[in-house]
Amino acid sequence: MDDEFVVSYKDRTEIIRQIHYGKVMTKNGLFSPTIMLNGEIIGSWKKTTTKGVPKIELSFFEKTSKKTQELFRPGIKRLEKFYA
């Protein structure tokens, strides 16, 4: 979960494919929370709350293996604990 990379740089061509820009950045400068793997933004995440329990949901830009998705489990748990 690496939002600082999106916000910090003007030229983001090294970290996100042009086709995915609109999934992370709006035209008026708002950014979605992002997930990064090997230096590339591969998706976004959002926090939802059900009955007072926070849940982090990942949304990948392209088909992603279960093995790769599991790499984010520790980060998800940390965020859910933080928001609890």
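Quick caveat, the model's predicted, so the values are computed rather than measured.

It is worth spelling out the pairing of strand β1 (residues 34–37) at this point. Inspection of the sheet shows β1 paired to strand β2 (residues 40–50) by four bridges, in the antiparallel sense. Bridge pairing in β2 links Leu37 to Glu40.

Following the criterion strictly, the structure yields two aromatic pairs and no others. Between Phe60 and Phe72, the aromatic rings sit 5.9 Å apart at their centres with planes inclined by 55°, giving tilted as the arrangement. Of this pair, Phe60 sits in strand β3 (residues 53–60) while Phe72 is found in the loop between α3 (66–70) and α4 (73–83), placing the two residues twelve residues apart along the sequence. When its relative accessible area of 19% is taken as the criterion, Phe60 is described as buried. Under the relative-accessibility criterion, Phe72 is labelled buried at 8%. Note on Phe82 and Tyr83: the rings are 5.2 Å apart at their centroids and 75° apart in plane angle, and the pair reads as edge-to-face. Judged by relative accessible area, which is 64%, Phe82 ranks as exposed. Directly above the ring of Tyr83 sits Lys47, whose terminal nitrogen or CZ lies 5.0 Å from the centroid.

A few words now on α4. What α4 keeps buried is the set Gly75, Ile76 and Leu79. Looking down the long axis of α4, one finds its buried residues gathered within 100° of arc, a one-sided arrangement. Structural note: α4 exposes Lys77, Arg78 and Lys81 on the side pointing more than 90 degrees away from its buried face. Residues of α4 that are buried sit in contact with β2 and β3.

The volume enclosed by the largest pocket comes to roughly 150 Å³. Around the largest pocket sit Arg17, His20, Leu37, Glu40, Ile41, Ile42, Phe61, Glu62, Lys63, Thr64 and Thr68, which together line it. The biggest single contributor to the lining of the largest pocket is β2, with three residues. Here the residues of the lining of the largest pocket sort into four nonpolar, three polar and four charged.

This part takes up the sheet that holds β3. Strands sit in the order β1-β2-β3 across an open sheet of three strands; the sheet is antiparallel. The strands lining the two open edges of the sheet, one partner per strand, are β1 and β3. Adjacent strand axes in the sheet meet at a mean angle of 35°, parallel and antiparallel pairs treated alike. As paired strands, β2 and β3 are joined by eight bridges and run antiparallel to one another. Counterpart to Thr49 in the pairing with β3 is Pro54. On top of the sheet, α4 reaches β2 and β3; it is set at about 145° to β3, its chief contact.

Calculation rules
- Residues numbered from 1 in each chain as written.
- Predicted model: local features only at pLDDT ≥ 70, side-chain atom pairs only at ≥ 80, totals over all residues.
- Heavy atoms only, no water.
- Pairing = 2+ DSSP bridges.
- Helix = DSSP H or I, 4+ residues; strand = E, 2+ residues; numbered from the N terminus.
- Phe/Tyr/Trp six-rings, centres within 6.5 Å; stacked < 30°, edge-to-face > 60°.
- Buried < 20%, exposed > 50% of the residue type's maximum accessible area, 1.4 Å probe, protein only.
- Lys NZ or Arg CZ within 6 Å of the ring centre and 35° of its normal.
- Arc of directions from axis to C-beta.
- Contact = heavy atoms within 4.5 Å.
- 1 Å grid on protein atoms, 1.4 Å probe; cavity = no way out; pocket = protein on both sides within 12 Å on 5 of 7 lines; lining within 4 Å.
- Points joined across faces, edges and corners; volume = space filled by probe spheres on them.
- Nonpolar A, V, L, I, M, F, W, Y, C, P; charged D, E, K, R; others polar.
- Axes fitted to C-alpha atoms, helices over the stretch in contact; angles between N-to-C directions.

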